[in-house]
Amino acid sequence: AQSVTQLDSQVPVFEEAPVELRCNYSSSVSVYLFWYVQYPNQGLQLLLKYLSGSTLVESINGFEAEFNKSQTSFHLRKPSVHISDTAEYFCAVSPLGNTGKLIFGQGTTLQVKP
Amino acid sequence: DVKVTQSSRYLVKRTGEKVFLECVQDMDHENMFWYRQDPGLGLRLIYFSYDVKMKEKGDIPEGYSVSREKKERFSLILESASTNQTSMYLCASSLPGLAGQETQYFGPGTRLLVL
């Protein structure tokens, strides 16, 4: 079985400050890793995903996440946040060979203050 | 753009009522999913479907059933609504690719209140 733990339920940060949202997972098999974002009053949308290759993956809006197999982590970072990054962020895993099922973490609310 | 629509954004029902939540996707995706989202619990999978008339239980199927008569439409049914089913319900779809790598596309959600 797989599980995902997001260590912080809320992360308040000032605009232009760096941020890290932490994600750890547990799995007996190899997994693919995802970060989804949910802006207020919207559904979730994919932010980035790690499938293979370079352990550092980037999104188009400046976020990056690094897969660390030894620590079973996939933390999300951004060097300078904007007000528009205020949202809830979900880490998720999908076991290799699984037909598309995702296991989600509890979510982290990022609150960017002016 | 992929579009996943859900029939209602907000719904208020009474205990014991039969409730239908509808989801439609316009991208010919084979896979469709129903989740419920609760604060502090993230998203939990209720049911999913890989094809028309096919369905599989997710992690929390009790109290729910589903129907998929057409490829684009996936319905979630609460046979007899209870207050503990008050939640946000999210529908998603995906195109089968290399197993496990697929991106899921989500609808805006239906916030259900059961009184």
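Criteria and thresholds
Residues numbered from 1 in each chain as written. Chains lettered and ligands numbered in written order. Predicted model: local features only at pLDDT ≥ 70, side-chain atom pairs only at ≥ 80, totals over all residues. Heavy atoms only, no water. Helix = DSSP H or I, 4+ residues; strand = E, 2+ residues; numbered from the N terminus. Rg over C-alpha atoms; globule rule 2.2 N^0.38 Å. Buried < 20%, exposed > 50% of the residue type's maximum accessible area, 1.4 Å probe, protein only. Contact = heavy atoms within 4.5 Å. Areas by Shrake-Rupley, 256 points an atom, 1.4 Å probe, with all protein chains shown as cover. Lys, Arg positive; Asp, Glu negative; His and termini not counted. Charge placed at Lys NZ, Arg CZ, Asp CG, Glu CD. Disulfide = S-S within 2.5 Å. Patch = residues over 30% accessible without salt bridge, like charges linked within 9 Å, V, L, I, M, F, W, Y side chains within 5 Å. Salt bridge = Lys/Arg side-chain N within 4 Å of Asp/Glu carboxyl O. Polar contact = N/O pair within 3.5 Å; in protein donor to acceptor, adjacent residues only side chain to side chain. Nonpolar A, V, L, I, M, F, W, Y, C, P; charged D, E, K, R; others polar. Pairing = 2+ DSSP bridges. Axes fitted to C-alpha atoms, helices over the stretch in contact; angles between N-to-C directions. Phe/Tyr/Trp six-rings, centres within 6.5 Å; stacked < 30°, edge-to-face > 60°.

Draft legend 1. Expanded view of the overall build of chain B. When helices and strands are tallied, chain B shows 0 helices and 11 strands. Along chain B, helices (α) and strands (β) appear in the sequence β-β-β-β-β-β-β-β-β-β-β when read from the amino end. Computed over the C-alpha atoms, the radius of gyration of chain B is 13 Å, within 12% of the 13 Å expected from 2.2 N^0.38 for a compact globule of 115 residues. With the principal axes as the frame, chain B shows a C-alpha extent of 40 × 30 × 25 Å. Looking at chain B as a whole, 50% of its 115 residues qualify as buried. Here the contacts in chain B between residues at least 6 apart in sequence split such that 56% fall between residues at least 24 apart. Put simply, chain B shows about 5,600 Å² of open surface, and 52% of that area lies on carbon and sulfur atoms. For chain B, the separation between the mean place of its 15 positive charges and that of its 15 negative charges on side chains is 7 Å.

Draft legend 2. Representation of the state of the cysteines. Residues and elements named next belong to chain A. Counted according to the given criterion, the structure contains 2 disulfides over all chains. Put simply, Cys 23 and Cys 91 are joined by a disulfide, and their sulfur atoms are 2.0 Å apart. Here the S-S torsion is close to -65 degrees, and the disulfide linking Cys 23 with Cys 91 is therefore left-handed. You can see Cys 23 sitting in the loop between strand E3 (19–21) and strand E4 (24–26) and its partner Cys 91 sitting in strand E10 (residues 87–95), a full 68 residues away along the chain. On the basis of relative accessible area, Cys 91 is assigned to the buried category, the value being 0%.

Draft legend 3. Main features of a nonpolar patch on the surface. Judged by side-chain polarity, Val 12, Leu 113 and Leu 115 of chain B come together as a nonpolar surface patch covering roughly 260 Å² of accessible area. Within the secondary structure, Val 12 of chain B is located in strand E2 (residues 10–13).

Draft legend 4. A look at the environment of Ser 67 of chain B. Its location among the elements puts Ser 67 of chain B in strand E7 (residues 64–70). With 20 residues separating them in the primary sequence, Ser 67 of chain B and Tyr 47 of chain B have C-alpha atoms 10.0 Å apart.

Draft legend 5. Fine view of the interface of chain A and chain B. On the side of chain B, 22 residues touch chain A, which itself brings 25 residues to the contact. Connecting chain A to chain B are 0 salt bridges. Summed over the shared surface of chain A and chain B, the number is 4 residue pairs in polar contact (both at pLDDT 80 or more). Among the secondary structure elements, those contributing two or more residues to the side of chain A that touches chain B are strand E5 (31–38), strand E6 (44–50) and E10 of chain A. Looking at the side of chain A that touches chain B residue by residue, the class counts come to 11 nonpolar, 11 polar and 3 charged.

Draft legend 6. Region of interest: the sheet that holds strand E8 (residues 73–78) of chain B. Residues and elements named next belong to chain B. Strand order in the open sheet formed by 4 strands is E1-E3-E8-E7, and the pairing between neighbours is antiparallel. The outermost strands of the open sheet, each flanked by one partner alone, are strand E1 (4–6) and E7. When strand polarity is set aside, the average angle formed by the axes of neighbouring strands in this sheet is 20 degrees. Note: E7 against E8, 5 bridges, orientation antiparallel. Following the sheet pairing, Ser 65 is matched in E8 by Ile 77.

Draft legend 7. The packing of aromatic side chains, seen in detail. All told, the structure shown has 14 aromatic pairs over all chains when counted by the stated rule. Here a set of aromatic residues connected by ring pairs shows up, and it is made of Phe 34, Tyr 36, Phe 90 and Phe 104 of chain A together with Phe 33, Tyr 35, Phe 48, Tyr 50 and Phe 106 of chain B.

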